[in-house]
Amino acid sequence: MRVYILGTSGTFPNKRRNHPSVFIEYKGVGIMFDCGEGTQRQIRSLKIKPSKIKYIFLTHWHGDHILGLPGILFSLINMGYSEKLNIFIPRGYKKNLEYILKGFGIEPNFEISIKELHDGKVLDDQEFEIYAKKVKHSIETYSLYFKQKDYIKIDEKIAKELGVFGDKKILKKIKEGKTVEINGKKISYKDIGYIKKGIKVSYITDTLFFEDLIDFVKDSDILISESYYFYDPHLAKEHYHLDFIEVKNLFDRSNSKLLLLMHFSQRYDKEIEMIREKIESENKNIYFLEDLSIIEYTRDTLKLNIGGKIVEYRRDEKTGDLKLISSQPQ
Ligand SMILES: [Zn+2]
Ligand SMILES: [Zn+2]
């Protein structure tokens, strides 16, 4: 699985930062959270095939989160996209999306499914699920998380000892959580394996801080959050955004493992580097995202590439705990 960070800016893009968008690729399936202006150019920069996009989630109808959509659709039409494209939007915005399609003369030659977001599970794919939660912004807005389903992993050595390793039928049953009987002995997954905790990637978009958020992002392996303001929660409240102090509180209290920050106000354009250095040196497992960062999860290794800085963690499959393996500055 890979998480590509396509844009990290606030309301206004700048030379270094594009409008917000996060792209998760899981076994060839592309899931996009938000689609700010210029997103398709970022996709091309990272050499992601646009045809991989299967799901697009728009968290709310503010320009910085949606302006890239017409461009992506235009491209998909021109490149002969032939999948069914699934677009999830906040409740009450179906007409707005239809206006965009009509206004831009977008006539897709592929199927588009438009669904409205609601609290709870909004997508159940074979191996992962997406959940949404209505948050507190100036308009109807949803935060999201991706969760790989937990699954039973068999310990090859023990399975061989018990003589069940070669029996696919029996193994399948055990992996489904059933108990089987072999030579009069009852065997369940607990005897020959364990539950591998699926990875959880949360995306907190524009919102005020509120207590229920903690439960929503609980035990995230990767918590990606807006941090529009720094050390000025009053201002954040006034503008329906989060301040870093609140994001840190959310991170600590939700037992999340890694906090990745983005969507910074343009007021910090000059000092953002200084703020980053201070916060990253004072806190473990907190990083400021750069555009085109890549977070890669293979087997039990979580590798971050943020602006050329490489950080590697080992992830405990049973508990989800992270252990820092190496960190190489740019
Ligand atoms: Zn907004
Ligand atoms: Zn925003």
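All values derive from a computational prediction rather than experimental measurement.

A.B. asks: Provide a residue-level description of the UniProt feature "binding site: Zn(2+) 2" (unreviewed entry) in the protein chain, including the pertinent values.
C.D. replies: UniProt records the feature "binding site: Zn(2+) 2" (unreviewed entry) at D64, H65, D206 and H263, using the numbering of this structure. On the basis of their most widely separated C-alpha atoms, the annotated residues across 200 residues gather in one place, lying no more than 10.8 Å apart. Along the chain, D206 turns up in the loop between β14 (200–204) and α8 (212–216). For D206, a relative accessible area of 2% corresponds to the buried category. Sequence-distant contacts of D206, defined by excluding residues within four places in its chain, comprise H60, H65, V135, H137, T141, E226, Y240, H241 and H263. Examined against the element boundaries, H263 turns out to sit in the loop between β16 (259–262) and α11 (272–282). Apart from residues no more than four positions distant in its own chain, H263 is found in contact with T8, S9, G10, T11, P20, D64, H65, D206, E226, S227, Y228 and H241.

A.B. asks: Could you give an account of the pattern of salt bridges, naming the residues involved and the relevant values?
C.D. replies: Enumeration over the complete set of coordinates arrives at 25 salt bridges. For E176, the salt bridge identified is with K172, shortest N-O distance 3.3 Å. Classification of K172 by relative accessible area gives exposed; the value is 55%. For D252, the salt bridge identified is with K248, shortest N-O distance 2.7 Å. With D252 and K248 both in helix α10 (residues 244–253), this residue pair falls 4 residues apart, about one helical turn. D252 sits in the partly exposed class, given a relative accessible area of 45%. Look at K248 and you get partly exposed, because its relative accessible area is 24%. Overlapping salt bridges bring together R16, R17, E273, R276, E280, E290 and K309 as one network.

A.B. asks: Please provide a residue-by-residue account of the domain arrangement of the protein chain, values included.
C.D. replies: It is common to give the size of an interface as the accessible area lost on bringing the parts into contact. The domains assigned to the protein chain are domain 1 (2–149 + 197–297) and domain 2 (152–194). Placing the centre of domain 1 and that of domain 2 at their C-alpha centroids yields a distance of 40 Å.

A.B. asks: Can you tell me about the sheet that holds strand β19 (residues 301–306), naming the residues and giving the values?
C.D. replies: Whether parallel or antiparallel, the strands of a sheet pair through hydrogen bonds between backbone atoms. The 10 strands lie next to each other as β6-β5-β4-β3-β2-β1-β18-β19-β20-β21, forming an open sheet whose pairing is mixed. Every interior strand has two partners, whereas the edge strands, β6 (112–116) and β21 (322–328), have only one. Taken over all neighbouring pairs, the strand axes of this sheet differ in orientation by 15° on average, direction set aside. Of the pairings in the sheet, the one linking strand β2 (residues 21–26) to strand β3 (residues 29–33) comprises 5 bridges and is antiparallel in character. Looking across to β3, one finds that V22 is bridged to F33. Along the sheet, helix α3 (residues 69–78) contacts β3, β4 (53–57), β5 (85–89) and β6; its crossing angle with β5, the most-contacted strand, is approximately 170°.

A.B. asks: Tell me about the coordination of the zinc ion (ligand 1), and name the residues and values.
C.D. replies: Protein coordination of the zinc ion (ligand 1) is provided by H60 (NE2), H62 (ND1), H137 (NE2) and D206 (OD), with donor distances spanning 2.2 to 2.3 Å. If you look at the zinc ion (ligand 1), its 4 donor atoms make angles of 90 to 168° with each other, and the shape they trace is irregular. All donors to the zinc ion (ligand 1) come from one chain, and their sequence spacing reads H-x1-H-x74-H-x68-D. In this structure, the zinc ion (ligand 1) lies 3.5 Å away from the zinc ion (ligand 2), the two metals sharing D206 as a donor. Within this pair, whereas H60 is found in the loop between β4 and α2 (63–66), its partner D206 is found in the loop between β14 and α8, the two being separated by 146 residues in sequence. Judged on exposure class, the residue H60 and its partner D206 are both buried.

A.B. asks: Could you give me a rundown of the coordination of the zinc ion (ligand 2), with the residues and numbers involved?
C.D. replies: Surrounding the zinc ion (ligand 2) are the protein donor atoms D64 (OD), H65 (NE2), D206 (OD) and H263 (NE2), at 2.1 to 2.6 Å. Relative to the metal, the 4 donor atoms surrounding the zinc ion (ligand 2) lie at angles of 94 to 151°, and the coordination shape comes out irregular.

A.B. asks: I'd like a rundown of the side chain of T301, residues and numbers included.
C.D. replies: By secondary structure assignment, the location of T301 is in strand β19. Of note is the side chain of T301, whose polar atom sits 3.3 Å from the side chain of D300.

A.B. asks: So what about the environment of E98? Which residues, and what values?
C.D. replies: Relative to the assigned elements, E98 resides in helix α4 (residues 94–103). Classification of E98 as partly exposed rests on a relative accessible area of 37%. A C-alpha to C-alpha distance of 9.6 Å links E98 and I114, two positions 16 residues apart in sequence.

A.B. asks: Help me get a handle on the side chain of H19, residues and values and all.
C.D. replies: Mapped onto the elements, H19 comes out in the loop between β1 (2–7) and β2. Given the relative accessible area of 3%, H19 is considered buried. At a separation of 3.2 Å, a polar atom in the side chain of H19 contacts the main-chain amide nitrogen of E37. When neighbours within four sequence positions are excluded, H19 is seen to be in contact with G7, T8, S9, G10, T11, F12, P13, G36, E37, G63, D64 and L67.

A.B. asks: Go over the UniProt feature "binding site: Zn(2+) 1" (unreviewed entry) in the protein chain with me, naming the residues and quoting the values.
C.D. replies: The residues that UniProt annotates with the feature "binding site: Zn(2+) 1" (unreviewed entry) are H60, H62, H137 and D206. What stands out for the annotated residues spanning 147 residues is how close their C-alpha atoms remain, the widest pair being 10.5 Å apart. Taking the relative accessible area as the measure of exposure, H60 reaches 0% and is therefore buried. One polar contact links H60 to T59, side chain to side chain, over a distance of 2.9 Å. With relative accessibility at 24%, the residue H62 sits in the partly exposed group. Ignoring anything within four residues of it in the chain, the contact list for H62 reads H137, S138 and I139.

Each value, and the rule that gives it
Residues numbered from 1 in each chain as written. Chains lettered and ligands numbered in written order. Predicted model: local features only at pLDDT ≥ 70, side-chain atom pairs only at ≥ 80, totals over all residues. Heavy atoms only, no water. UniProt positions renumbered as here; feature names shortened; annotations may be inferred. Helix = DSSP H or I, 4+ residues; strand = E, 2+ residues; numbered from the N terminus. Buried < 20%, exposed > 50% of the residue type's maximum accessible area, 1.4 Å probe, protein only. Contact = heavy atoms within 4.5 Å. Salt bridge = Lys/Arg side-chain N within 4 Å of Asp/Glu carboxyl O. Domains from an automatic or database assignment. Pairing = 2+ DSSP bridges. Axes fitted to C-alpha atoms, helices over the stretch in contact; angles between N-to-C directions. Donors = N, O, S within 2.8 Å, 3.2 Å for Na, K, Ca; no water. Tetrahedral: all angles 85-135°; square planar, octahedral: opposite > 155°, others 65-115°. Polar contact = N/O pair within 3.5 Å; in protein donor to acceptor, adjacent residues only side chain to side chain.

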